[in-house]
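Structural description and commentary
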Amino acid sequence: MWKLKRRDFLKGLGITGTGAMLSGNVWALNRLEPIGDTLATEYPYRGWEDLYRNEWAWDSVGHAAHCINCMGNCAWNVYVKDGIVIREEQIAKYPQVNPKVPDANPRGCQKGAIHSTAMYEADRLRYPLKRAGERGEGKWQRISWDQATEEVADKIIDIFEKYGPGKLKTHQGSGNQTMVRQSGPSRFASLVGGIQLDGFTVVGDLLTGAHLAYGTPLESFTSDAWFDADYILMGMINPNATRIPDAHYLWEAKYNGARITSTAPDYNPSAIHTDLWMPINQGTDPFFAMSLANVIIEENLYKPAFMKEQTDLPMLVRVDNGKLLREADLVEGGDEEVFYHWDLNSGQAVKAKGSMGSADKTLQLDGVDPAIEGEFEVEGIAVTTVFEQVKREAARFTPESTFETTNIHPDVVRQEARHLAKAHKAIVMLGYITSSYSNCLYTCWSYALTLALTGHGGRTGGLDTSWISWNHPRWTELATFEGKKSARYEPGGLGEFLRGGMMEGAREHFDNAKLKERVGFDLDDLESMINESIDEGWMPYHGEIKGMISIADNTFRRNKFADRYRDEHLRQASELYVNINVRMDSTAEWADYILPAASHYEAWDLRTQGYHRFCNIFTRSVEPVGESKPDWDIMALLTKKIQERAIARGIGPIQDGEVTRDLHTIHDDFTRNGELSTDLAVARYIVENSPEFGGVTLEEAAERGFIVMNEHAGINQPLPKDEPYNPFVAQTEGKKPYDTLTGRVTFYCDHPRFMKLKSSVPTARLYAGPEASNYPLHFYSPHARWGIHSNWRSNKYLLRLQRGEPNIYINPKLAKQRGIKDGDTVRLFNSTGEFFAQAKFYPSIPEHSIMMEHGWEPHQYIHRKPMNNSMATFLQPLELTGGWGHLGFKYALWNANQLLHESSFDIELAKAEDIADPRTV
Ligand SMILES: Nc1nc2c(c(=O)[nH]1)N[C@H]1C(S)=C(S)[C@@H](COP(=O)(O)OP(=O)(O)OC[C@H]3O[C@@H](n4cnc5c(=O)[nH]c(N)nc54)[C@H](O)[C@@H]3O)O[C@H]1N2
Ligand SMILES: Nc1nc2c(c(=O)[nH]1)N[C@H]1C(S)=C(S)[C@@H](COP(=O)(O)OP(=O)(O)OC[C@H]3O[C@@H](n4cnc5c(=O)[nH]c(N)nc54)[C@H](O)[C@@H]3O)O[C@H]1N2
Ligand code: SF4
Ligand SMILES: [Mo]
């Protein structure tokens, strides 16, 4: 066998001999003894070489995903040496579901790949801490778990004693996205009746218009189901940055000739790869969607068969009062939830099957041919169809009339409407940025209309709502205490708005009259509609609090009017504020007690949330750092102390409405009498008892790192074994009614508030923006490419990939007008506050807009003044309606979002004296 000798090797590189290159001590190599035969026995030991080898040696390998709100959910191998995680690597062994569809490997992102470094950074919490100075002063005393839990338990009991249950906010935020971690705090909240806000609306992530149309916003596509679509419109989403491990399916769809387009104000990292980027004006999306509907109707591109069977478009509406024709209108004591079609075959009105009041739970038309157009008379009542109303509304939105608003040329609108109509499978993707605009409902609803008109549903496409809720009965059971006791749930946007004093902030920022012109109501209207929603019992609100435990929730960073919100909460929670966290984030900083939690690689857990069929397993790859503990174990420990102290103090069962809150048994209840005391026991219980996991043991699952879920994972319909998941196939093929009032995809809502706000059919409204205030620049703050919200935002590897400090994106032309250069520090301001950031030039952003990625921690800003401090917000009152079929408070389905992008700013170069000492607060 030919072997390269050391000398030959060096010669090959041209550095043998005594030439200039080897002069002096440049080459340590020239002091090495040359080795003739590296495989021979006389090979001298050279210890330093082992350093490199040892980099690739480890003691054990565990598995994990990241329990963070990234929606990625990727299986990783975690390599451990000497009790420390040294690196991670994608498992990349997911089986291919179907030979015709690309597999899911490898999944991951650059954030996940650095977690092994971030978990040991200086902000990591290692011990229970008790505040030693004022709140927020940064002075801490390290205490034992025993002392911490005992003091906290006593304070919780005090609050119960003084004020009764219901004054403790026990909100768990988006940091806990996994089954074991999430169910601990949820179970605790259920047992104590704590206030828990809707996890979607609290951050502005609920696609309410999708619920209105389809009866759920949580039935969507697995990402592999994008692959066979031939038309994909990325409506308001940036998957290359915010769905990193799934985005490949979009681009792979191009192999099938898919047309992929994007609407976004800026040429974002996803738009750059599309066939067509449509630079839409911020907050105008429903105008674009309505003009698509206009063209589809004008050019007769619609598909009556789909409309008749799957939608409410043929339902009859009274001409006199605009209400749906109900059985109660025709028959004494008739049902309010039974509706009518005009049957063209028999020439008369017939009851439509499938509605909430109908005994026939099917969409099957059974010989009825419903008219979609026309005027008819039913027992003396003049009626028409929903489609007639929709047509009338859509007629207002010609492509010519929306051009100025949207910035999308009429020819482009016509062209895209035709593409959409002729596509075999068309998907409109709406990311969560949609739901954080006040016109979310209109955007989703009008896009749903374009899809329904063109017959896209089930296997032929539909609305991608960015989430599939899988069926996990064991998880639900643990989180809700077997359904026996309940937390006090609240609409997320509403709870934060009222308890955070945000109305005052809104009044400081918005011009009431201008706001009404833009969005259709002003702040006075909103205030009275909020009151009506609470008084009518449409939406629950539990009022001021006395104590607060926040878990995995960077609430003081995340909320709008951030400092005002924080001060209000700290004032109300004067008796107790506990934070359970993995690191000292901007919310933990203000706590009375901090309880340190185990991180992704340090606890047992399971995660399925995301866009695929895999349940990833978190094994406890290493012991938790310091004295930190898994979230489940922390809650178990806390209940143990509450039980002990309640018994010792003689605080007996407390009646809470229908429920008894028995603090004497709270720990036994929490742990099922000791069965479920640890994260490991809970993980095992869920894995081994969940039908969707098909009976694998925890050991088998942990060995592999993931479980492939079976058909039981689907809620609306089975998850097919060898096919991607398309939503609503049970409806399009199985003729199962939708979970809506009429049982059909809904385009008519005769709720009084919808009628009052002229929104009974899909239509368009603007967002607030500069025109509703005195500040000229549009502003949006999408999700960060190099972080997941505030997580990993200070990691050195990720900071090196960006500017390393908070920065805004500005069009160079606007910058020039304002005398700003790339890299300058600028001041953004409005009537509610100011913040400073570095300017980064971004030529594709409109001249009238500023963008800034969200998620920087306040302490990373100059003077600790974060962007969210001066972000003005309000609520969408339509999202607060109830008492109408499928509209009414429903967790993760229907309630009001926190709005994130309604604010506006002005910008100037920062004055040197203002930023001379950036650390002053
Ligand atoms: N890397 C990373 N990934 C994440 C997250 C993260 O923090 N970091 N967070 C996760 C979570 S919780 C969420 S909610 C999602 C959010 O992810 P997305 O739903 O993708 O939302 P954003 O990133 O907020 O905004 C997406 C894009 O919308 C465009 N846009 C802004 N305003 C408008 C408008 O008015 N109309 C139109 N048509 N487009 C507009 C902008 O180009 C922006 O880049 O991301 C998830 N994935
Ligand atoms: N301006 C603006 N504001 C926004 C948005 C926007 O686009 N613009 N987006 C909104 C959206 S969609 C979202 S989802 C929110 C997200 O915003 P946040 O609620 O701030 O989300 P995170 O930064 O993920 O905060 C979760 C916290 O949980 C902690 N944590 C992580 N893992 C664990 C664990 O295992 N156990 C425990 N106990 N704690 C843990 C972390 O330290 C982290 O600080 O922000 C919202 N706010
Ligand atoms: S952070 Fe999320 S998307 Fe990134 S690798 Fe981890 S689980 Fe996947
Ligand atoms: Mo989110």
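Quantities reported herein were computed from a predicted structural model and do not represent experimental measurements.

Analysis parameters
- Here the residue numbers are simple positions, counted from 1 along each chain's written sequence.
- A letter from A marks each chain and a number from 1 marks each ligand, given out in the order of writing.
- Whole-chain, interface and lining totals are the exception, using all residues; otherwise, since this is a predicted model, local features are given only for residues with pLDDT of at least 70 and side-chain atom pairs are given and counted only at 80 or more.
- The basis for the side-chain values is all heavy atoms of the structure; hydrogens and waters are excluded.
- Secondary structure elements are defined from DSSP: runs of H or I of at least 4 residues count as helices, runs of E of at least 2 residues count as strands, and each element is numbered from the N terminus.
- Three exposure classes are used, based on accessible area relative to the maximum for each residue type with a 1.4 Å probe and protein chains only: buried under 20%, partly exposed in between, and exposed over 50%.
- Any residue with at least one heavy atom within 4 Å of a molecule or strand is counted as near it.
- Here a polar contact is taken to be a pair of N or O atoms separated by no more than 3.5 Å, where protein atoms must pair a possible hydrogen donor with a possible acceptor and residues adjacent in sequence count only if both atoms sit in side chains.
- Throughout, the Shrake-Rupley method with a 1.4 Å probe supplies accessible areas, and for residues the shown protein chains are the sole cover considered.
- Note on definitions: the grid is 1 Å and covers protein atoms alone; a cavity is a set of points where a 1.4 Å probe fits but cannot get out; a pocket is an open set with protein on both sides within 12 Å along at least five of seven lines; lining residues have an atom within 4 Å of a point.
- Each molecule is assigned to a cavity or pocket provided more than half of its atoms lie within 2 Å of the corresponding grid points.
- Residues are grouped as follows: Ala, Val, Leu, Ile, Met, Phe, Trp, Tyr, Cys and Pro are nonpolar; Asp, Glu, Lys and Arg are charged; every other residue, Gly included, is polar.
- Stacked, edge-to-face and tilted are the three classes for Phe, Tyr and Trp ring pairs, Trp counted by its six-membered ring, which pair at centre distances within 6.5 Å; planes under 30 degrees apart are stacked, over 60 edge-to-face, the rest tilted.
- Here, over-ring charges are defined by two tests on the NZ atom of lysine or the CZ atom of arginine: distance to the ring centre within 6 Å, and angle to the ring normal within 35 degrees.
- By definition here, a salt bridge exists when the distance from a side-chain nitrogen of Lys or Arg to a carboxyl oxygen of Asp or Glu is within 4 Å.
- DSSP calls a pair of strands paired once it identifies at least 2 bridges connecting them.
- Axes here mean lines fitted to C-alpha atoms, for a helix over just the part in contact, with angles spanning 0 to 180 degrees between N-to-C directions.
- Throughout the structure description, domain borders are defined by an automatic or database domain assignment.
- Contact definition: two residues touch when any of their heavy atoms are within 4.5 Å.
- What gets called buried area is simply the loss in accessible area from a 1.4 Å probe that two parts show on being joined, summed for both.
- UniProt positions are given in the numbering used here, feature names are shortened, and annotations may be inferred rather than shown by experiment.

Moving on, we come to the environment of His789. Summarising the element assignment, His789 is placed in the loop between strand E27 (777-780) and helix H29 (796-799). Judged by its relative accessible area of 15%, His789 falls in the buried class. Separated by 19 residues in the primary sequence, His789 and Pro770 have C-alpha atoms spaced 26 Å apart.

Not every one of the 34 residues close to ligand 2 is listed here, only the nearest: Arg558, Asn581, Asp585, Ser790 and Asn791. Take Asp631: an N or O atom from its side chain is 2.8 Å from a nitrogen atom of ligand 2. For ligand 2, the accessible surface in isolation is 920 Å², of which the surrounding protein chains cover 99%. Put simply, ligand 2 lies in the largest cavity. Here the shell around ligand 2 is composed, by residue class, of eleven nonpolar, 14 polar and nine charged.

Turning our attention to the packing of aromatic side chains. With the rule as written, the count across this model stands at 28 aromatic pairs. With centroids separated by 6.4 Å and ring planes inclined at 80°, the aromatic side chains of Trp445 and Phe754 adopt a geometry described as edge-to-face. Within this pair, whereas Trp445 is found in helix H15 (residues 440-453), its partner Phe754 is found in helix H28 (residues 752-756), the two being separated by 309 residues in sequence. The exposure class assigned to Phe754 is buried, which follows from its relative accessible area of 0%. Taking 5.2 Å as the distance between ring centres and 65° as the angle between the ring planes, the aromatic pair formed by Tyr809 and Tyr842 counts as edge-to-face. One end of the pair, Tyr809, is in strand E28 (residues 807-810); the other, Tyr842, is in the loop between strand E30 (833-841) and strand E31 (849-851), and 33 residues separate them in sequence. A single burial state applies to Tyr809 and to Tyr842, both of which are buried. Three or more aromatic residues link up through ring pairs in this structure, and these residues are Phe779, Phe835, Tyr861 and Phe905. Its guanidinium or amino end placed over the ring of Trp590, Arg566 lies 3.8 Å from that ring's centre, counting from NZ or CZ.

Applying the stated criterion to the full structure yields 70 salt bridges. One salt bridge in this structure joins Arg566 and Asp563, with 3.3 Å as the shortest N-O distance. Residue Arg566 and its partner Asp563 are located together in helix H22 (residues 562-572), separated by three residues, close to a single helical turn. A relative accessible area of 12% means that Arg566 is categorised as buried. For Arg684, the salt bridge is made with Glu688, and the minimal N-O distance between the two is 3.1 Å. You can see Arg684 and its partner Glu688 sitting in helix H25 (residues 679-689), four residues apart, about one turn around the helix. By relative accessible area, Glu688 is classed as partly exposed at 31%. What emerges from the salt-bridge pattern is a single network uniting Asp146, Glu150, Lys640, Lys641 and Glu644.

Within the open sheet, the three strands sit side by side as E11-E15-E14. Their pairing is antiparallel. Among the strands making up the open sheet, the edge pair consists of strand E11 (316-318) and strand E14 (375-378). For this sheet, the mean angle separating the axes of adjacent strands, direction not counted, is 45°. Bridge count between E14 and strand E15 (residues 381-385): four bridges; the pairing is antiparallel.

Let us now look at the site of ligand 3. Around ligand 3, the neighbouring residues are His66, Cys70, Gly72, Asn73, Cys74, Trp76, Gly108, Cys109, Gly112, Pro245 and Trp792. Residue classes in the shell around ligand 3 are distributed as six nonpolar, five polar and no charged.

This brings us to the domain arrangement of the protein. Assigned domains of the protein: these are domain 1 (6-55), domain 2 (304-393 + 741-756) and domain 3 (489-540 + 769-921). Taking only C-alpha atoms, the centre of domain 2 and the centre of domain 3 are 41 Å apart. The partner domain 3 presents 14 residues to the 13 residues of domain 2 that form the contact. Of the roughly 1,100 Å² buried between domain 2 and domain 3 on both sides combined, carbon and sulfur atoms contribute 69%. Where domain 2 meets domain 3, there are one salt bridge.

Under the UniProt annotation, "domain: 4Fe-4S Mo/W bis-MGD-type" (unreviewed entry) lies at residues 59-123. What you have in residues 59-123 is 6% helix and 28% strand, and the ends, taken at the C-alpha atoms, are 27 Å apart.

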